[in-house]
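Coordinate analysis (summary)
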Amino acid sequence: MPELPEVETVVRLIRPRLAERRIESCDVRWERTLGGIDRGSFARAVVGSRITRVWRRAKFFVADLERAGRSNGALVGHLRMTGRVHVEPREFDPGPYVKVSLALDDGRVMHFIDVRKFGRLWYAAHSDEQLGGLGIEPLDDAFTGEWLFRALRSRRRLVKPLLLDQTFIAGLGNIYVDESLHRAGIHPLARSDRITRVRAGRLRDEIRATLTEAIEREGSSFDVFYRTPEGNPGGYQDEFKVYGREGQPCPTCGRAIERIVVAQRGTHVCRRCQRR
DNA sequence: ATCCTATCCTGGCTGC
DNA sequence: TGCAGCCAGGATAGGA
């Protein structure tokens, strides 16, 4: 599923194709993708705008807009589970699952494609409408071991659901939480307020290493859904140590990886390497 | 404060 | 081969 590394990959690939482009028209095939406004309002808001900057926050991608020389809010997107973004020539066939298409002034078209319809492409007068409640960005300098230690201690929750909570740390999803916890030797059912300073520091380092390595590999593609905007799969799924490896040996100790359910999420864990 | 369940969706898989 | 039923999963709302 698209998490921080996948969205970062998407942003890096679409940025050069969107920056400085003007939106000339739009075609909305599934209105609910717009997240609450009707297609007419959406079109009035975005058509005629120029995209000034493309960036990422957590699992959101953002395209800042400007019209008549003045800031005009932003397009804010979330791929949820099966969303994809393509920026392609007019002749490109986006397939049956395209939800919103934005025609650009260089002849290309940005397509928002989504099989399961959970993804969203909002127009926001201010991007904080979607981004305001998010927690710390795990690749920011402010995300230190000491910060994480204190933050974990200030809550009394199971560590995995807490790491998935986007108001706590923004950008991690099921895959990278399982991988980071394994690399840090922490059991997903560990209580957040019982994690020591040393182990919190280790967890911070492993979260950052996991995300950084995944970005280098252009994300993870373990099923048919996630592809880069150029249609290529990512490569990080080959590095998974626990995710999707139930019954297979732990790369560290050889014990069979177990699959349990934590917070209604499939959770992959090595009982020998990960301590509660 | 925290946890649990349902909801949104549909392709793909399992089992008969 | 066909089909019913279940599952995955990010985020959120509402209830316990």
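Structure report, in brief. Quick caveat: nothing in here was measured; it's all calculated off a predicted structure. (Residues numbered from 1 in each chain as written. Chains lettered and ligands numbered in written order. Predicted model: local features only at pLDDT ≥ 70, side-chain atom pairs only at ≥ 80, totals over all residues. Heavy atoms only, no water.)

What to know about the packing of aromatic side chains
How we decide: Aromatic rings from Phe, Tyr and Trp, with only the six-membered ring used for Trp, were paired whenever their centres fell within 6.5 Å, and each pair was classed as stacked if the ring planes differed by under 30 degrees, edge-to-face if by over 60, and tilted otherwise. Note on geometry: a ring has a charge over it if NZ (lysine) or CZ (arginine) is within 6 Å of the ring centre and within 35 degrees of the ring normal.
Evaluated as defined, the whole model comprises six aromatic pairs. Here the aromatic rings of Tyr236 and Phe240 are separated by 6.0 Å at their centres, their planes lie at 75°, and the arrangement is edge-to-face. Every member of this aromatic cluster is reached through a ring pair, and the members are Tyr176, Tyr236, Phe240 and Tyr243. Here the basic side chain of Lys117 rests over the ring of Trp30, its NZ or CZ set 3.6 Å away from the ring centre.

Observations regarding the protein's contact with DNA strand C
Threshold: What makes a residue near a molecule or strand is one non-hydrogen atom of that residue sitting within 4 Å of it. A 3.5 Å cut-off defines polar contacts: any pair of N or O atoms within that distance qualifies, except that in protein one atom must be a possible hydrogen donor and the other a possible acceptor, and neighbouring residues in sequence count only when both atoms are side-chain atoms. Asp, Glu, Lys and Arg are counted as charged, while Ala, Val, Leu, Ile, Met, Phe, Trp, Tyr, Cys and Pro are counted as nonpolar; the rest, among them Gly, fall into the polar class.
Close to DNA strand C lie 13 residues, the nearest being His78, Met81, Arg116, Tyr243 and Arg259. Here a phosphate oxygen of DNA strand C sits 2.7 Å away from a polar atom, N or O, in the side chain of His78. Class assignment of the residues belonging to the surface near DNA strand C gives a composition of four nonpolar, four polar and five charged.

Observations regarding the packing of helix H1 (residues 4–18) against helix H7 (residues 197–216)
Let me state the cut-off plainly: Axes, fitted as lines to C-alpha atoms, cover a helix only where it is in contact. Angles between the N-to-C directions of the axes lie from 0 to 180 degrees. Note on conventions: DSSP H or I runs of at least 4 residues are helices, E runs of at least 2 residues are strands, and numbering of each starts at the N terminus. Handedness of a crossing is defined here by the sense of rotation of the near helix relative to the far one, left-handed for an anticlockwise turn of less than a right angle and right-handed for a clockwise turn. Throughout, a residue-residue contact means that at least one pair of heavy atoms, one from each residue, lies within 4.5 Å.
Across the interface, H1 lies against H7 with an axial gap of 9 Å and an inter-helix angle of 40°. Crossing hand, H1 versus H7: right-handed. Here Leu4, Pro5, Glu8, Thr9 and Arg12 of H1 lie close against H7, whose contacting residues are Leu211, Ala214 and Ile215. Taken together, the residues of the contact of H1 with H7 break down into five nonpolar, one polar and two charged.

Some points on the protein's contact with DNA strand B
In the vicinity of DNA strand B, the residues found are Trp30, Arg32, Tyr97, Val115, Arg116, Lys117, Phe118, Arg155, Arg156, Arg157, Leu158 and Gln264. Within 4 Å of the protein, the contacting atoms of DNA strand B are 69% sugar and phosphate, with bases supplying the remainder. In the environment of DNA strand B, a phosphate oxygen lies 2.5 Å from a nitrogen or oxygen atom belonging to the side chain of Lys117. One nitrogen or oxygen atom from the main chain of Arg156 is found 2.6 Å from a phosphate oxygen belonging to DNA strand B. Of the residues contributing to the surface near DNA strand B, the split by class is five nonpolar, one polar and six charged.

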